[in-house]
Amino acid sequence: MRLTNVAHMRLPFGRLYGYDVTVSPPRAELPMSFDQRRHVSAGDRVGSWMALSFRLRAPIDREFLSQAWLAVIARHGTLRTAFVHGTDGAARLHEVEVSAGTWVEHPIGPGQAVNTALRDVLDAACAPYSRPSHRLCVLETAFDRTVVIGADHAHTDMWSMLVIARDLLVALDPDCGLDVAAHLDGEVPAVLPAAPSFDDHTRALAALPEAPAAVIAQWHHIIEAGGGVMPRFPLPLGPAAPFPERVELRDVLDVDESTAFSAAARELGVSTLALAVAAMTAVTMEMTGEPLRAVFPVHSRFDERWHDSVGWFITNSVLESHSPFARDCAEAVKEAVRLGSWPLEGILRPWGGMPEAPGMFAISWLDLRRLPVRVDGIGLEAQYVGATIRTDGVMLWFILDDSGLHLRCRYPDSADARRHVGEWLDRLMARMRRTARM
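So, a few notes on the structure that sits alongside this text. All of these numbers come straight from a predicted model, not from anything done at the bench. (Residues numbered from 1 in each chain as written. Predicted model: local features only at pLDDT ≥ 70, side-chain atom pairs only at ≥ 80, totals over all residues. Heavy atoms only, no water.)

## So, the overall build of the protein
Put simply, the rule is: Strands here mean DSSP runs of E at least two residues long; helices mean DSSP runs of H or I at least four residues long; both are numbered from the N terminus. We compute the radius of gyration from the C-alpha atoms alone; for a globule the expected value is 2.2 Å times N to the 0.38, where N is the number of residues. The classification of residues rests on relative accessible area computed with a 1.4 Å probe and restricted to protein chains. Under 20% of the type maximum is buried, over 50% is exposed, and intermediate values are partly exposed. In this description, contact between two residues means that some pair of their heavy atoms is separated by no more than 4.5 Å.
Each helix and strand in the protein was counted, giving twelve helices and 17 strands. For the protein, whose C-alpha radius of gyration is 22 Å, the value lies close to the compact-globule estimate of 22 Å for 438 residues. By residue count, 57% of the 438 residues in the protein fall in the buried class. Contacts in the protein between residues at least 24 apart in sequence constitute 80% of all its contacts with a sequence separation of at least 6.

As structure tokens, then:
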């Protein structure tokens, strides 16, 4: 699965279409998760979305594609919700009905890059308060179709985007043989069974008991150790203000190197993630003399019933690693997962929510080989797509799949950040490759 950004994604030149669904007025109010409230409180803005694209190697009928998309929407409750401003100005989440609509062509202007045209469409359609805040697009050429599904982050995460892609493919062809000729003969898409809805997950989290005193104390220690805010990148990034982002896409380990790296981890009795954290800890300590401290997203799909659901099943924790030894890093990862296993709203209430500050440093790790949801990422030329934004922090996404270990890094495009984040990444890649070769 290629990990990319809308400015860097691989797209053919063709005609770009988006599907305008019909949406009812807001209906029943639903509970909002802590992260949803935090996300939408920043208001409508560009770049709050994520997307996934894949290529169908045949000119599939557009109308059939839209019917399959409606089947996906019918399966997942969060795709039938919308945020609205309440009478007090605060965000509210409401159920909406989504039904068939029309295809609209989005012209690509003279000299305009296809990527730019697509970005403009997703920025407009997938803002937090859009109704709905998701969009099905298709880029048509004479011989194939590139399908792009974008959604505001409040309704999805990277695991969920994989679920959406798989369900759309199943709706198009239950056997995933994608017999396009049959679709052109008037077959209808498969009906998908309903999946547990994300608002039920929000209720389940709210019903959990309060976090143990030891967990609350550790959270307080971590935040106070960071000066009252979440962890920040340990090297200068330039002025503490948003800059245009710089996005680096790096193939850290190829398939043979990642196999060797994972084998090295097994020999040490730790996970591949723990060995990667050991490398990050060593590099951080070499360059700064400080431990590795970073925001660390962990998933909240604590029960198998949520494995096929779509929503923002991610909560934040903090990874704090003081030792570059792999087994110590395994314990640090275990502690981060433990800290992220409790609802954060009550824990972070003393700071009025998650206390962010310029320079916030976050590390995301996703091993697609271990997920219960799979698509043929190579055959479909699938791409995880990030938006283009202005930023003042550093965010790393690692993806491990059957083709190796891939990295996307976003940081402010200042001279200091280029130098310091760039060197940190260079040293990290060199260390991980050296470990694999040994």
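## A closer look at helix 4 (residues 158-172)
Under the convention used in this document: A helix is expected to span 1.5 Å for every residue after the first. Any pair of nitrogen or oxygen atoms within 3.5 Å is treated as a polar contact; in protein, a donor-acceptor pairing is required on top of that, and neighbouring residues in sequence qualify only through side-chain atoms on both sides.
End to end, helix 4 covers 21 Å across 15 residues, agreeing with the expected 21 Å (1.5 Å per residue, within 8%). Here helix 4 lies mainly inside the structure; 14 of its 15 residues are buried. The opening residue of helix 4 is Asp157, an N-cap whose side-chain oxygen sits 3.3 Å from the backbone nitrogen of Trp159.

## Observations regarding the environment of Leu428
Following the sequence through the fold, Leu428 ends up in helix 12 (residues 415-437). Residues Leu428 and Phe296, spaced 132 residues apart in sequence, show a C-alpha to C-alpha distance of 18 Å. Non-local contacts of Leu428, meaning those with residues more than four positions away in its chain, are made with Ala279, Met280, Val283 and Phe398.

## Quick notes on unusual backbone geometry
Cis geometry is found at the peptide bond from Arg131 to Pro132, where omega equals -5°. Note on placement: Pro132 falls in the loop between helix 3 (114-125) and strand 8 (134-140). Backbone geometry places Glu381, a non-glycine residue, at a positive phi of 50°. In this structure, Glu381 sits in the loop between strand 13 (361-367) and strand 14 (383-386). Overall, Glu381 belongs to the partly exposed group, its relative accessible area being 36%.

## Some words on the sheet that holds strand 3 (residues 29-30)
Condition: Strand pairing requires that DSSP identify at least two bridges connecting the strands.
Across the sheet, three strands lie side by side as 3-6-5; this open sheet has antiparallel pairing. Of all the strands in the sheet, just strand 3 and strand 5 (81-85) have a single pairing partner and so form its edges.

## As for the packing of aromatic side chains
The criterion, for reference: Pairs were defined over the aromatic rings of Phe, Tyr and Trp, the Trp ring being its six-membered one, requiring ring centres within 6.5 Å. Orientation was assigned from the angle between planes: stacked under 30 degrees, edge-to-face over 60, tilted for the rest.
For the coordinates displayed, the defined rule picks out seven aromatic pairs. Where Phe198 meets Phe313, the ring centres are 4.9 Å apart and the plane angle is 80°; that geometry is what we call edge-to-face. Here Phe313 lies in the loop between strand 11 (292-299) and strand 12 (314-321) and Phe198 lies in helix 6 (residues 198-206), a separation of 115 residues in the sequence. Residues Phe198 and Phe313 agree in their burial class; the two are buried. Judged by centre distance (5.8 Å) and plane angle (90°), the ring pair of Phe361 and Trp424 falls under edge-to-face. With Phe361 in strand 13 and Trp424 in helix 12, the pair connects residues that are 63 residues apart, well separated along the chain. A relative accessible area of 0% places Phe361 in the buried class. In textbook terms, an aromatic cluster arises when at least three aromatic residues are bridged by ring pairs, as seen for Phe198, Trp306 and Phe313.

## Examining the pattern of salt bridges
Formally: Throughout this description, the term salt bridge denotes a Lys or Arg side-chain nitrogen within 4 Å of a carboxyl oxygen of Asp or Glu.
Applying the stated rule across the entire model yields 34 salt bridges. For Glu356, the salt bridge identified is with Arg38, shortest N-O distance 2.9 Å. Taken together, the positions of Glu356 in the loop between helix 11 (344-347) and strand 13 and Arg38 in helix 1 (residues 34-40) put the pair 318 residues apart, joining distant regions of the chain. The class for Glu356 is partly exposed, based on a relative accessible area of 45%.

## Things to note about the sheet that holds strand 14
Using the following cut-off: What counts as an axis is a line fitted to C-alpha atoms, over the stretch in contact for a helix, and the angles between N-to-C directions run from 0 to 180 degrees.
One open sheet accounts for seven strands, arranged 1-14-4-9-8-2-7; its pairing is mixed. The open sheet terminates on both sides in strands that have one partner only, identified here as strand 1 (2-5) and strand 7 (98-106). The average undirected angle you get between the axes of adjacent strands in this sheet is 25°. Pairing geometry for strand 2 (residues 15-23) and strand 8, over four bridges, is antiparallel. Bridging across to strand 8, Arg15 finds its partner in Glu140. Contacts between helix 3 and the sheet are confined to strand 2, strand 4 (49-56), strand 7, strand 8 and strand 9 (145-152), with strand 8 contributing the most and set at about 160° to the helix. Sheet contacts for helix 4: strand 1, strand 4, strand 8, strand 9 and strand 14; angle to strand 4, the most-contacted strand, approximately 35°.

## Some details on the nonpolar core
Rules: By nonpolar core is meant a set of buried Ala, Val, Leu, Ile, Met, Phe, Trp, Tyr and Cys residues that side-chain atoms within 4.5 Å join together.
Phe54, Trp69, Leu136, Ile149, Leu168, Trp219 and Tyr384 are the most contacted members of the largest nonpolar core, which totals 65 residues. If one sorts the elements of this core by residue count, helix 4 sits on top with eleven residues. If you look at the next biggest cluster of nonpolar residues, it comprises 48 residues, including Ala276, Ala332, Val394 and Met429.

## Observations concerning helix 2 (residues 62-75)
Between the first and last C-alpha of helix 2 there are 20 Å, a value that for 14 residues agrees with the 20 Å anticipated at 1.5 Å per step. By the burial criterion, the buried members of helix 2 are Phe64, Leu65, Ser66, Ala68, Trp69, Ala71, Val72, Ile73 and Arg75.

## Overview of the state of the cysteines
The cut-off we apply is this: Here, a disulfide means two cysteine sulfur atoms that sit within 2.5 Å of each other.
Under the criterion given, the structure shown has zero disulfides. Distance from the sulfur of Cys126, which forms no disulfide, to the nearest cysteine sulfur (Cys137) is 7.5 Å. Of all cysteine sulfurs in the structure, the one in Cys329 sits closest to Cys409, which takes part in no disulfide; the separation is 19 Å.

## What about the environment of Asp20?
Its location among the elements puts Asp20 in strand 2. You can call Asp20 partly exposed: its relative accessible area is 30%. Separated by 26 residues in the primary sequence, Asp20 and Val46 have C-alpha atoms spaced 19 Å apart. Apart from residues no more than four positions distant in its own chain, Asp20 is found in contact with Gly101, Thr102, Val104 and Arg135.

## Overview of the side chain of His201
Position of His201 relative to the elements: it lies in helix 6. Beyond its immediate stretch of four places on either side in the chain, His201 contacts Ser300, Phe302, Trp306 and Phe313.

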